[in-house]
Number of protein chains: 2
Amino acid sequence: MEPIKFTLDEKDMPRQWYNLAADLPTPAPPPLGPDGNPITPDMLAPVFPMNLIEQEVSTQRWIDIPEKVLEMLAIWRPAPLYRARRLEKALGTPARIYYKYEGGSPPGSHKPNTAVAQAYYNKEFGIKRITTETGAGQWGSALSFACALLGLECKVFMVRISFEQKPFRRMMMETWGGKCVPSPSPETQAGRQILEEYPDTPGSLGIAISEAIEQAVMDTSGKTRYSLGSVLNHVLLHQTIIGLEAKKQLKLAGEKKVDTIIGCVGGGSNFSGLAFPFIADKINGAQIDIIPVEPTSCPTMTRAPYAYDHGDTAEMTPLLAMHSLGHKFVPPPIHAGGLRYHGVAPLISHTINHNLITPRAIDQIECYEAAVTWARTEGFIPAPETSHAIAAAVQEAKKAKEEGKEKVIVFNWSGHGLMDLTGYDKYFSGHLKNFALPQDDINAATKALEKYPRPATA
Amino acid sequence: MEPIKFTLDEKDMPRQWYNLAADLPTPAPPPLGPDGNPITPDMLAPVFPMNLIEQEVSTQRWIDIPEKVLEMLAIWRPAPLYRARRLEKALGTPARIYYKYEGGSPPGSHKPNTAVAQAYYNKEFGIKRITTETGAGQWGSALSFACALLGLECKVFMVRISFEQKPFRRMMMETWGGKCVPSPSPETQAGRQILEEYPDTPGSLGIAISEAIEQAVMDTSGKTRYSLGSVLNHVLLHQTIIGLEAKKQLKLAGEKKVDTIIGCVGGGSNFSGLAFPFIADKINGAQIDIIPVEPTSCPTMTRAPYAYDHGDTAEMTPLLAMHSLGHKFVPPPIHAGGLRYHGVAPLISHTINHNLITPRAIDQIECYEAAVTWARTEGFIPAPETSHAIAAAVQEAKKAKEEGKEKVIVFNWSGHGLMDLTGYDKYFSGHLKNFALPQDDINAATKALEKYPRPATA
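Along each chain, numbering runs from 1 in the same order as the chain's sequence is written. Chains carry letters and ligands carry numbers; both start at the beginning, A for chains and 1 for ligands, and go up in the order they are written. For this predicted model, a pLDDT threshold of at least 70 governs which residues receive local features, and a threshold of 80 or more governs which side-chain atom pairs are given and counted, while totals over whole chains, interfaces and linings are taken from all residues. With hydrogens and water stripped out, all remaining heavy atoms of the structure feed into the side-chain values.

(A) Looking closely at the overall build of chain A. The helix count covers DSSP runs of H or I at least four residues long, the strand count covers runs of E at least two residues long, and both are numbered beginning at the N terminus. A count of helical and extended segments in chain A gives 19 helices and 15 strands. All radius of gyration figures rest on C-alpha atoms, and the globule criterion is 2.2 Å times the number of residues raised to 0.38. Against the compact-globule benchmark of 23 Å for 458 residues, chain A has a radius of gyration of 21 Å, which places it among compact chains. Across its three principal axes, chain A shows a C-alpha extent of roughly 60 × 50 × 45 Å. Working definition: with a 1.4 Å probe on protein chains only, accessible area under 20% of the residue-type maximum means buried, over 50% means exposed, and in between means partly exposed. Residue burial in chain A is summarised as follows: out of 458 residues, 63% are buried. Note on contacts: a residue pair qualifies if any of its non-hydrogen atoms lie within 4.5 Å across the two residues. Pairs at least 24 apart in sequence give 77% of the contacts found in chain A among residues at least 6 apart. Using the Shrake-Rupley algorithm and a 1.4 Å probe, accessible areas are obtained, with residue cover drawn only from the displayed protein chains. Summing over all exposed atoms, chain A offers an accessible surface of approximately 16,300 Å²; the carbon and sulfur share of this is 52%.

Shown next as structure tokens:
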């Protein structure tokens, strides 16, 4: 029997996270405050605990993972690295396809990798309660899970339309003790204002972020902070355990060289987790194609300008230097809710500018085709987000077949799709659509962002 | 960091299944045909492929697992054995609690352990299409998954009320290529008859079994067979990989002796999978408490008579010697759909009669309490069925605390509850009820079964 998965013992888990900021050819442009000047750590203190702010601005290459965080990660880590032998055979490709399986965590995705770390640092800092927002529900459930392990309160503002359409995600959060309310809510000033003006609004991630931040900073006890599940440097840092494990496992698989690294990108956390340790190799001269994949309908990396923009619709966050469609952009209703974000992590944007990674956009129908082929060969049903990485891996494997090359392709299987099966149902019934973004929309976004300072591109 | 899980390499997977029939103090009473005589293998040939019928009647102690079955099992096996350190701490118990985690398979439970084996033997025998029934959906999805891997057609008759209330289970089956129809259906004579008489019937497992068997035996090409997910000897055999792995892993954990083995029981497949290899030790003199757990509302093992009874409502199956509430019994609507079966596997019934195992019944609310404590300490959200095993483990751990004993408790964590969150929702909102079965119902069941032959009790 030829092995299909490569596992590590708990004791072989990486003991440090890898910080890409230490190795960038140039530093990424800093976040800017309302006055146009770089923000200082103190300015973030009402929002995040200082120990996480220190990580956010750190340029130290390796950062120790606390023992207690490792103990929580051990609930589902080290995650296995699989070789997709059945898919290879079905495609008739000479490529060897590996995938890092992040679907085994209790909430079913990579999100808890940072949720348990963030909950831990908040608790260490004396925080009792964490607020956050969630769209499709992956992040809200990951943070509820992490807070349950540490005995912290967790408050999740869930975009109203998702709250109504996905009651199971709310139930999941509540099972872990999280409190989940539809956003906009009457609990915050931001929410009340919107509700007054648009009582029937379906809500948006931007509004939910505003409510979560407001509720954190307005708690006069000082015991509440806010938490974000992607985009920021410290979030991406916590995910690098994925790539660091994968490197050890590729050695076990006997692979000396990797040709292609792939991950799907919304804010960018799962892609970064796998890719950053390999980007370090590329900076040091290794030949690797590194491909972040986004939906054609929300083409931040492939078509949007690099600009300073807010992370949220309500303009509560600092200005971040990133590829962005503008914080007022509302992506089409594709099923990969986790990839419907108007911007992309500053660190990813910066590595695109340095030509270290090569973004690609794929249509939703091609992604579902790949996901169904996947489920019927490899077995696990992927999340709609994950299907974007799978579709790119299939493209690369077919290319290797055409070229007759024995390539080694590694991608991040970021989460399972058991909570998101309606997309498959629509796909089978022929009701799924692709969405192309008109160039006029890109032009309008570019123009709208011209009022902000321009970040340096290298 | 103290280890919380004990893992095996693919190459350390057990290569043989363990057959308890080889070690029973007396043989279990055989199934009887319509004439009251033991059935012969030939009589089952229209329903099952002969290679599985041979396993059904085998008394060989060890049966080789085919290489191709091992390759499919390797998608999620060996399954980890965890130590529930967080729960131990929360309970303040001196007991060491281990659980075998079967929630990591693509459909999320232990069911595919036999689904891949059954699909394999059917394919080897030249079968192209498998029919089955499903209640809550766990078994139908496991078989659809297995058939996808082997390129077999899979047809699932799903109890109508579940089909309507659990659309996600149907979508899961369809993603793997399974065809799922609500039962009763107009596709079979049994279905048409019921529909004519009761057009609004919610359906039942009994009707669905009848339809699945009818469609298999009526296929004149001879290329269709029927498959069952529990109760039968060969199904329980395939599950013993759970207990065989657990034994290796307990050694890794440094445990020389096990005090208590626990599993939940509907038909009995997951319990048997863990327990049978330990029952062998008990037959050979080991001191182990082995506890199958059922819901109070469906007390086959703790209150029902041992009798010959049909496995299905429509009386299509042979008479099986088992503890049974009668094949017309309709269990109360508890959330653990997989435990709502009127009988229990003949092999389990027989070991009860031999005092090798000690059944226990637990109320649904106590099970949900235990499940929530579990989710908030250990992390994974259990299926409602699994919560019965957890509740018994908690009872045993508390007893060990009272007695000040360092017991080793091992239970089977049979599946995750991500597809069954409505039960949690009802629990939190206070709408969950316990159901006690009146003694009159037991008496009526006992009386109704008196028309059949009496099986020997030892």
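Further notes follow.
(B) Local environment of the packing of aromatic side chains. Residue and element names in this part refer to chain A. For Phe, Tyr and Trp, rings pair up if their centres lie within 6.5 Å, where Trp contributes its six-membered ring, and each pair is then called stacked (planes under 30 degrees apart), edge-to-face (over 60) or tilted (otherwise). One pass over the full model with this rule turns up 39 aromatic pairs over all chains. Ring centres of Tyr-99 and Trp-374 lie 4.7 Å apart, and the angle between their planes is 80°; on these two criteria the pair is classed as edge-to-face. With Tyr-99 in strand 5 (residues 96–101) and Trp-374 in helix 16 (residues 364–377), this residue pair connects regions lying 275 residues apart in the sequence. Note on accessibility: Tyr-99 and Trp-374 belong to one class, buried. Note on Tyr-368 and Tyr-427: the rings are 6.0 Å apart at their centroids and 20° apart in plane angle, and the pair reads as stacked. Linking Tyr-368 in helix 16 with Tyr-427 in helix 18 (residues 422–428), this pair joins segments that are 59 residues apart in sequence.

(C) Geometry of unusual backbone geometry. Omega for the bond connecting Ser-183 of chain A with Pro-184 of chain A falls within 30 degrees of zero, at 5°, which places this linkage in the cis form. Residue position: Pro-184 of chain A is located in the loop between strand 8 (179–183) and helix 9 (189–197). Positive phi values are uncommon outside glycine, yet Glu-315 of chain A reaches one of about 60°. One non-glycine residue, Asn-355 of chain B, lies in the positive phi region at around 55°. Considering the arrangement of structural elements, one finds Asn-355 of chain B in the loop between helix 15 (346–353) and strand 14 (360–362).

(D) Highlighting the sheet that holds strand 5 of chain A. Residues and elements named next belong to chain A. A pair of strands is considered paired only if DSSP assigns at least 2 bridges between the two. Read across the open sheet, the seven strands follow the order 1-4-5-15-10-11-14; overall the sheet is mixed. The sheet is open, and its two borders are formed by strand 1 (5–6) and strand 14 (360–362), each paired with just one other strand. Strand direction decides the pairing type here: strand 10 (residues 260–264) and strand 15 (residues 408–413), joined by three bridges, are parallel. The residue bridging Thr-260 from the neighbouring strand is Ile-409, located in strand 15. Think of each axis as a best-fit line through the C-alpha atoms, taken over the contacting stretch in the case of a helix, with angles from 0 to 180 degrees between the N-to-C directions. Of the strands in this sheet, strand 5, strand 14 and strand 15 touch helix 16, which is tilted by about 80° from strand 14.

(E) View of the pattern of salt bridges. Whenever a carboxyl oxygen of Asp or Glu lies within 4 Å of a side-chain nitrogen of Lys or Arg, that contact is scored as a salt bridge. In total, this model carries 40 salt bridges over all chains according to the counting rule given. A salt bridge links Arg-129 of chain A to Glu-153 of chain A; its shortest N-O distance comes to 3.6 Å. Taken together, the positions of Arg-129 of chain A in strand 6 (residues 129–134) and Glu-153 of chain A in strand 7 (residues 153–159) put the pair 24 residues apart, joining distant regions of the chain. Here Lys-11 of chain B ties to Asp-9 of chain B by a salt bridge, and the two come within 3.4 Å at their closest N and O atoms. Each of the salt bridges in this network shares a partner with another, and the network as a whole consists of Arg-77, Lys-100, Glu-102 and Glu-245 of chain A.

(F) View of the sheet that holds strand 9 (residues 224–226) of chain B. Residues and elements named next belong to chain B. What the four strands build is an open sheet, ordered 8-7-6-9; its pairing is parallel. Looking at strand neighbours, the two that pair on one side only are strand 8 (179–183) and strand 9, the edges of this open sheet. Geometrically, the sheet is characterised by an average inter-axis angle of 25° between neighbouring strands, direction not taken into account. One ladder, built from five bridges, connects strand 7 (residues 153–159) with strand 8; its direction is parallel. Opposite Met-158, over in strand 8, you have Pro-182 as the bridge partner. Strand contacts of helix 6 (residues 138–150): strand 6 (129–134) and strand 7, with the helix running at about 160° to strand 6, the strand carrying the most contacts.

(G) Geometry of the relation of the copies chain B and chain A. When the copies are superposed, the least-squares fit draws on C-alpha atoms of residues that have pLDDT of at least 70 in both. Take chain B, turn it by 180°, move it 0.0 Å along the axis, and it overlays chain A with an RMSD of 0.0 Å. Both copies are brought into coincidence by an operation consistent with a two-fold rotation axis. Residue Gly-104 of chain B, judged by its C-alpha, is the member of chain B lying nearest the rotation axis, at 3.3 Å. Looking at the interface residues of chain B, 100% of them are also at the interface in chain A, so both copies use one shared face.

(H) Main features of empty space enclosed by the protein. Residues and elements named next belong to chain B. A 1.4 Å probe that fits but cannot get out identifies a cavity on a 1 Å grid over protein atoms alone, an open set with protein on both sides within 12 Å along at least five of seven lines counts as a pocket, and a residue lines either if it has an atom within 4 Å of a point. Grid points are joined across faces, edges and corners, and a volume is the space filled by probe spheres set on the points. Tallied over the entire structure, the rule returns one cavity of 30 Å³ or more. Volume-wise, the largest cavity comes out at about 30 Å³. Tyr-18, Asn-19, Leu-20, Asn-233, Leu-237, Thr-240, Phe-276 and Leu-347 are the residues that line the largest cavity. In the scheme used here, Gly and all other residues not listed as nonpolar or charged are polar, with Ala, Val, Leu, Ile, Met, Phe, Trp, Tyr, Cys and Pro taken as nonpolar and Asp, Glu, Lys and Arg as charged. Per-class residue counts for the lining of the largest cavity are five nonpolar, three polar and no charged.

(I) Looking closely at the packing of helix 13 (residues 269–283) of chain B against helix 15 of chain B. All names here are of chain B. The geometry of helix 13 relative to helix 15 is characterised by a closest axis approach of 12 Å and an angle of 45° between their N-to-C directions. The angle between helix 13 and helix 15 falls in the class oblique. In the packing of helix 13 onto helix 15, the handedness of the crossing is left-handed. For the pair helix 13 and helix 15, contact is made by Phe-271, Ser-272, Phe-276 and Ile-279 and by Leu-347, Ile-348 and Thr-351, respectively. Tallied by class, the residues present in the contact of helix 13 with helix 15 amount to five nonpolar, two polar and no charged. Comment on the angle field: the value is read as roughly parallel under 35 degrees, roughly antiparallel over 145, roughly perpendicular from 65 to 115, and oblique elsewhere. Left-handed describes a crossing in which the near helix is turned anticlockwise from the far one by less than a right angle; the clockwise case is right-handed.

(J) Quick look at the side chain of Ser-297 of chain A. Tracing the chain through its elements places Ser-297 of chain A in the loop between strand 11 (289–295) and helix 14 (300–303). Discounting residues that sit within four places of it in the chain, Ser-297 of chain A has contacts with Phe-329, Pro-332, Ile-334, Phe-435 and Leu-437 of chain A.

(K) How the structure looks around the interface of chain B and chain A. The interface of chain B with chain A comprises 50 residues on the first partner and 50 residues on the second. Buried area: the accessible area, evaluated with a 1.4 Å probe, that two parts lose upon being put together, summed over both parts. A buried area of about 4,200 Å², summed over both sides, lies between chain B and chain A, and 61% of it is on carbon and sulfur atoms. Summed over the three residues of chain B that lose the most area to chain A, namely Met-1, Glu-10 and Thr-175 of chain B, the buried surface amounts to 18% of that side. Note that Arg-170 of chain B and Asp-425 of chain A form a salt bridge whose closest N and O atoms lie 3.2 Å from each other. Pairing of N or O atoms within 3.5 Å defines a polar contact, subject to two protein rules: one partner must be a possible hydrogen donor and the other a possible acceptor, and residues neighboring in sequence count only if both atoms are side-chain atoms. Viewed at the interface, chain A and chain B are joined by 24 residue pairs in polar contact (both at pLDDT 80 or more). Broken down by element, the residue count for the side of chain B that touches chain A peaks at six residues, all from helix 8 (residues 167–175) of chain B. For the side of chain B that touches chain A, a count of residues per class yields 28 nonpolar, nine polar and 13 charged.

(L) Structural context of the domain arrangement of chain A. All names here are of chain A. Assigned domains within chain A: domain 1 (5–12 + 64–108 + 239–439) and domain 2 (19–28 + 49–61 + 111–233). A C-alpha centroid distance of 22 Å is found between domain 1 and domain 2. For the pairing of domain 1 and domain 2, the buried interface totals around 3,200 Å² over both sides, and the portion due to carbon and sulfur atoms is 71%. Measuring nitrogen to oxygen at the nearest pair gives 2.7 Å for the salt bridge that ties Lys-166 to Asp-420. At the junction of domain 1 with domain 2, the criterion picks out nine residue pairs in polar contact (both at pLDDT 80 or more). For the side of domain 1 that touches domain 2, the secondary-structure elements that each account for two or more residues are helix 3 (67–73), helix 12 (241–252), helix 13 (269–283) and helix 15 (346–353). Among the elements that take part in the side of domain 1 that touches domain 2, helix 13 stands out by supplying five residues, more than any other. Each domain span listed reflects an automatic or database assignment of domains.

(M) Summary view of helix 17 (residues 384–403) of chain A. Taking 1.5 Å of rise per residue, the 20 residues of helix 17 of chain A would be expected to cover 28 Å, and the 29 Å separating its terminal C-alpha atoms lies within 8% of that figure. Directly after helix 17 of chain A, the chain includes Gly-404 of chain A, whose backbone phi takes a positive value near 65°. Expected helix span is given by 1.5 Å per residue-to-residue step, counting one fewer step than there are residues.

(N) Examining the environment of Lys-407 of chain B more closely. Residues and elements named next belong to chain B. The topology assignment puts Lys-407 in the loop between helix 17 (384–403) and strand 15 (408–413). C-alpha separation for the pair Lys-407 and Thr-260, spaced 147 residues apart in sequence, amounts to 7.7 Å. With residues up to four places along the chain from it excluded, the contact list for Lys-407 reads Pro-94, Ala-95, Arg-96, Asp-259, Thr-260, Asp-289, Glu-396, Lys-399 and Ala-400.

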